[in-house]
Amino acid sequence: MAVLPQIQEDKWKSLRYFLGGIFFVLVLIEKSMGFDPKTTGNFFPKQGFKNIGKLTEKPKFAEPTDPFQSENFEDELNWEEEVFNHSYPSTSSKSKPNKIVDETIPEITLPEDRFPGAGKRIQAEPGYLPVYFLKFYGTGKNSQSQLVKLTREFPGGDPIIFLFQELTKGPNGEEKTKGVLSALTKKIRIDPNYRLENGILHLSVSEDFNYGGSMEILKDRLDQITFTYVGHFGIQGVVLYTNGERIRSLGSDGLSLPDVLAKSQRKVILF
């Protein structure tokens with residue numbers, strides 16, 4: 001009875017040797033196919049079956065490459081930036097760009113934007129004429145300017161020039177103590193050649209009118225002029241010019257002006 005267990009044990013040893021031999025053959029096949037046991041998820045050989053048989057052709061489908069390992073990947077990724085910056089090279093790097101604008105062509109001013117020229121000057125009898133200045137109410141960020149109506153004794157003659165000079169002269173000493181001021185500085189000049197036609201007063205002022213104040217101050221300047229002139233001497237609106245051209249905007253922020261300046265909806269304080 002002891003012979004039977006010995007035979008079974010020999011069979012198990014033979015089976016283990018056989019299975020070990022198969023495993024060893026599989027390992028050799030895997031190495032010949034380029035299988036990388038450290039890489040997970042990749043069950044196909046990197047180099048194809050070049051070690052089996054006499055096949056020398058390259059695999060049909062090339063392995064995808066990492067674009068960031070390419071030597072010129074930066075050039076490929078920066079093409080959009082070059083196009084938007086207008087720096088994309090043309091046929092020759094030494095060629096100069098074509099000149100789009102000819103600087104020798106003078107700017108053209110439309111007829112309606114040109115100063116129409118001097119007209120007949122207005123003459124008025126002596127009396128008292130209203131002028132409009134400013135006074136700020138409130139403190140800090142809540143401070144707001146209000147129009148203040150004052151009067152000036154007019155000696156007679158041309159009221160257009162007189163009123164503008166009074167605006168740039170500003171309030172007198174007593175008025176200043178009450179907080180009255182003017183957004184029109186003494187640097188701003190008026191051309192004595194103006195035109196009043198069809199109820200529109202065409203005035204030429206110096207370039208200083210466009211500088212030296214915020215957008216709110218520029219609006220105050222316009223209101224001081226329109227409230228002082230409109231409604232008197234047949235004036236229904238004002239058009240401003242500088243250097244012979246109509247002023248279409250003011251300040252660095254580009255405050256747009258209407259075709260004709262008129263009185264705005266604004267409260268007026270009587271002094």
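Residues numbered from 1 in each chain as written. Predicted model: local features only at pLDDT ≥ 70, side-chain atom pairs only at ≥ 80, totals over all residues. Heavy atoms only, no water.

> Could you clarify how one ought to interpret the overall build of the protein in this entry?
The secondary structure content of the protein amounts to 6 helices and 10 strands. Looking at the protein as a whole, 28% of its 271 residues are labelled buried. Of all intrachain contacts in the protein linking residues separated by at least 6 positions in sequence, the fraction that spans at least 24 positions is 64%. Put simply, the protein shows about 20300 Å² of open surface, and 56% of that area lies on carbon and sulfur atoms. (Helix = DSSP H or I, 4+ residues; strand = E, 2+ residues; numbered from the N terminus. Buried < 20%, exposed > 50% of the residue type's maximum accessible area, 1.4 Å probe, protein only. Contact = heavy atoms within 4.5 Å. Areas by Shrake-Rupley, 256 points an atom, 1.4 Å probe, with all protein chains shown as cover.)

> I'm lost on the side chain of T228 in this one. Help?
Assignment of secondary structure puts T228 in helix α6 (residues 215–229). In this structure T228 comes out as buried when scored by relative accessible area, which is 0%. If near-sequence neighbours (up to four positions away) are discounted, T228 is found in contact with P130, V131, Y132, L163 and L167.

> What exactly am I supposed to notice about a nonpolar patch on the surface here?
A cluster of nonpolar side chains, W12, L15, F18, L19, I22, L26 and I29, forms an exposed patch at the surface whose accessible area comes to about 700 Å². Its place among the elements puts F18 in helix α1 (residues 3–32). Classification of F18 as exposed rests on a relative accessible area of 54%. (Patch = residues over 30% accessible without salt bridge, like charges linked within 9 Å, V, L, I, M, F, W, Y side chains within 5 Å. Salt bridge = Lys/Arg side-chain N within 4 Å of Asp/Glu carboxyl O.)

> Quick question: what am I supposed to make of the side chain of R221 here?
One can find R221 in helix α6. Within the buried core, R221 has no salt-bridge partner, and the shortest N-O distance to an opposite charge, that of D208, equals 8.2 Å. Of the polar contacts made by the side chain of R221, one reaches the backbone oxygen of A183; its length is 2.7 Å. Here Y211 takes part through its backbone oxygen, which lies 2.8 Å from a polar atom of the side chain of R221. Each residue touching R221, except ones within four places of it in the same chain, is listed here: A183, L184, T185, I188, D208, F209, N210, Y211, G212 and G213. (Lys, Arg positive; Asp, Glu negative; His and termini not counted. Polar contact = N/O pair within 3.5 Å; in protein donor to acceptor, adjacent residues only side chain to side chain.)

> Sorry, what's going on with the sheet that holds strand β10 (residues 268–270) here?
Remark on secondary structure: sheet strands pair via backbone hydrogen bonds, oriented parallel or antiparallel. Taken together, the 4 strands give an open sheet; going across it, the order is β3-β1-β2-β10, and neighbouring strands pair in mixed fashion. Among the strands making up the open sheet, the edge pair consists of β3 (180–181) and β10. Two strands pair when backbone bridges link them, and strand β2 (residues 144–154) and β10 are joined in this way by 3 bridges, in the parallel orientation. Note that in β10 the partner of K149 across the bridge is L270. (Pairing = 2+ DSSP bridges.)

> Please clarify how the packing of helix α4 (residues 159–169) against α6 should be interpreted in this entry.
Any two packed helices are characterised by how steeply their axes cross, that is the angle between the axes, and by the distance between the axes. Relative to each other, α4 and α6 sit at 145°, their axes nearing to 11 Å. α4 and α6 meet at a crossing whose hand is right-handed. In contact with I160, L163, F164 and L167 of α4, α6 contributes Q224, I225, T228 and Y229. (Axes fitted to C-alpha atoms, helices over the stretch in contact; angles between N-to-C directions. Left-handed = near helix turned anticlockwise from the far one by under 90°.)

> Is there a simple way to explain the confidence of the model for the protein in this structure?
Low-confidence regions, as indicated by low pLDDT, have predicted coordinates that should not be scrutinised in detail. Looking at the protein, the pLDDT average stands at 75 and 66% of residues meet or exceed 70. Within the protein, helix α3 (residues 79–84) has the poorest average pLDDT of any element, 35, and α4 the best, 97. For residues 40–70, every residue scores under 50 in pLDDT, and the model assigns this stretch 12 contacts once sequence neighbours within four places are set aside. Scored below 50 in pLDDT, residues 72–102 makes 8 contacts in the model with residues more than four places away or belonging to other chains. (pLDDT = per-residue confidence, 0-100.)

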